[in-house]
Amino acid sequence: MSSQFIEKARQVESRASEAFKAATSEAELEAARIAFLGARGLFAELMKELGQLPNEVRPQAGGEANRARKKATEVYQAAKEALERGAVSEDSLDVTLPGRRPAPGRRHIISRTTAEICAIFAQLGFSIVEGPEVETDYYNFEALNFPPDHPSRDMQDTFFVSRDLLLRTHTSPMQVRSMEKSRPPVWVVAPGKTYRRDSDISHSPMFHQVEGLLVDRGITFADLKGILTSFAASMFSPDTKIRLRPSFFPFTEPSAEVDIACVLCGGRGCRLCGDSGWLEILGSGMVDPNVYAFVNYDPEEFSGFAFGLGVERVAMLKYGLDDIRMFYESDLRFLAQF
Ligand code: PHE
């Protein structure tokens, strides 16, 4: 009789423990508590049966029943605390749910545009070179034939690091560095960051240029125009027209500013081009003989042209953007569009 009772007490205890551990919500756990530990639960029933046992065995059987109920109560307490801490049982883990993927990054639109520009010139036969962003006055100004009192040498326009060191204001110093390194033929494009004290809707204190330089025997202005026409066709659309306007740079003579027919209206005139039908994309010209003097090239023997292209400008025209600052705000909603 008593061994049967003890066996039953152990079974109730193990079933109760299993039910408490399996509960995945507080409601489930509470239902199990009522079924086993409640006033009319299985342990209460067990206690009633205890009363019907003969006197001699009752103390031992009662001790066993109490031990079983105490143990089940402990398991219940532990399960309750686990649920309150938010611990999840194995059963509530859905292993078939898709995992969380890290958002893939992409190249910044300025890097992509720079690479695209360089690829076009590489196809035309130019090599790609790079040089320092912190430059000397010599490469940034002096060897490019800037007079000592030229306005861009003013603190207003240039970030100086020291009296003689500055953040390059254009990629043109790479013309001098490239010519110093080798004799003609020189065919190079030099992409990179440039800096000017300027900031508004169309100027950023840091921006990007791609410099081009071609020096060889018998190079003429027609070659300059041919190369740039070919570039515009590849970069924008095959029938893109270009226009050269007389301009001035200390290191080129003659100099020209180059416009492309407006990408929006095709030349008819619109808001983007200010009704002119044309958009400026670069500065260019035939290398000034004064610059050759700094690198010991004979201007009687060699001639060539140079150009400097604004990468942000090209990207804005190509993608129809009207605020240069968008490139540098790191807004993923903007950057993810490209
Ligand atoms: N360096 C000039 C600028 O930044 C552009 C340029 C480059 C002009 C090469 C002529 C030749 O405005």
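Values in this document were obtained by computation on a predicted structure and should not be read as measured data.

Asker: What should I look at first to understand the site of the ligand in this one?
Answerer: As a structural note, the neighbourhood of the ligand is formed by 14 residues, with H170, S172, R196, Q209 and G308 the closest of them. Within the side chain of R196, a nitrogen or oxygen atom sits 2.9 Å from an oxygen atom of the ligand. Within the contact set of the ligand, an oxygen atom lies 3.0 Å away from a side-chain nitrogen or oxygen of Q209. Across the complex, the protein chains shield 90% of the 330 Å² of accessible surface that the ligand would expose by itself. Cavity membership is defined here by more than half of the atoms lying within 2 Å of grid points; on that basis the ligand lies in the largest pocket. Put simply, the parts of the chain that give the shell around the ligand at least two residues each are β5 (206–216), β8 (278–287) and β9 (303–310). With 3 residues, β9 is the largest single contributor of residues to the shell around the ligand.

Asker: Teacher, can you tell me more about the domain arrangement of the protein chain here?
Answerer: Reports of interface size often rely on the accessible area that becomes lost once the parts have come together. For the protein chain, the domain assignment lists domain 1 (2–90) and domain 2 (109–335). Each of domain 1 and domain 2 has a C-alpha centre, and the two are 84 Å apart.

Asker: Whenever I open this one, unusual backbone geometry confuses me. Can you help?
Answerer: Working note: non-glycine residues mostly have negative phi, and peptide bonds are mostly trans. Cis rather than trans, the peptide bond between P184 and P185 has omega equal to 5°. Examined against the element boundaries, P185 turns out to sit in the loop between α7 (173–181) and β4 (186–195). The omega torsion across E253 and P254 is -5°, close enough to zero to call that bond cis. When you line up the elements, P254 lands in strand β7 (residues 252–261). Despite not being glycine, N296 shows a phi value in the positive range, around 55°. Looking at where N296 falls in the secondary structure, it is placed in the loop between α9 (289–294) and β9.

Asker: Help me understand the pattern of salt bridges, please; the structure alone is not making it clear to me.
Answerer: As a working rule, side chains carrying opposite charge can pair if their charged atoms are close by. On inspection of all chains with the given rule, the structure shows 17 salt bridges. When the shortest N-O distance is used, the salt bridge between R67 and E13 registers 3.3 Å. Taken as a pair, R67 in helix α4 (residues 58–84) and E13 in helix α1 (residues 2–22) lie far apart in primary sequence, 54 residues in all. On the basis of relative accessible area, R67 is assigned to the partly exposed category, the value being 37%. One salt bridge connects R33 with E30, and the closest N-O pair in it is separated by 2.9 Å. Placement of both R33 and E30 in helix α2 (residues 26–37) is noted, with a separation of 3 residues, approximately one turn of the helix. One continuous salt-bridge network, built from bridges that share partners, spans R10, E13, E64, R67 and K71.

Asker: Is there a simple way to explain a negative patch on the surface in this structure?
Answerer: Taken together, D154, D157, D198 and D200 make up a surface patch of like negative charges. Looking at the secondary structure, you find D154 in the loop between α6 (137–140) and β3 (165–167). Residue classification places D154 among the partly exposed positions, given a relative accessible area of 37%.

Criteria and cut-off values
Residues numbered from 1 in each chain as written. Predicted model: local features only at pLDDT ≥ 70, side-chain atom pairs only at ≥ 80, totals over all residues. Heavy atoms only, no water. Near = heavy atom within 4 Å. Polar contact = N/O pair within 3.5 Å; in protein donor to acceptor, adjacent residues only side chain to side chain. Areas by Shrake-Rupley, 256 points an atom, 1.4 Å probe, with all protein chains shown as cover. 1 Å grid on protein atoms, 1.4 Å probe; cavity = no way out; pocket = protein on both sides within 12 Å on 5 of 7 lines; lining within 4 Å. Sits in = over half its atoms within 2 Å of the grid points. Helix = DSSP H or I, 4+ residues; strand = E, 2+ residues; numbered from the N terminus. Domains from an automatic or database assignment. Salt bridge = Lys/Arg side-chain N within 4 Å of Asp/Glu carboxyl O. Buried < 20%, exposed > 50% of the residue type's maximum accessible area, 1.4 Å probe, protein only. Patch = residues over 30% accessible without salt bridge, like charges linked within 9 Å, V, L, I, M, F, W, Y side chains within 5 Å. Lys, Arg positive; Asp, Glu negative; His and termini not counted. Charge placed at Lys NZ, Arg CZ, Asp CG, Glu CD.

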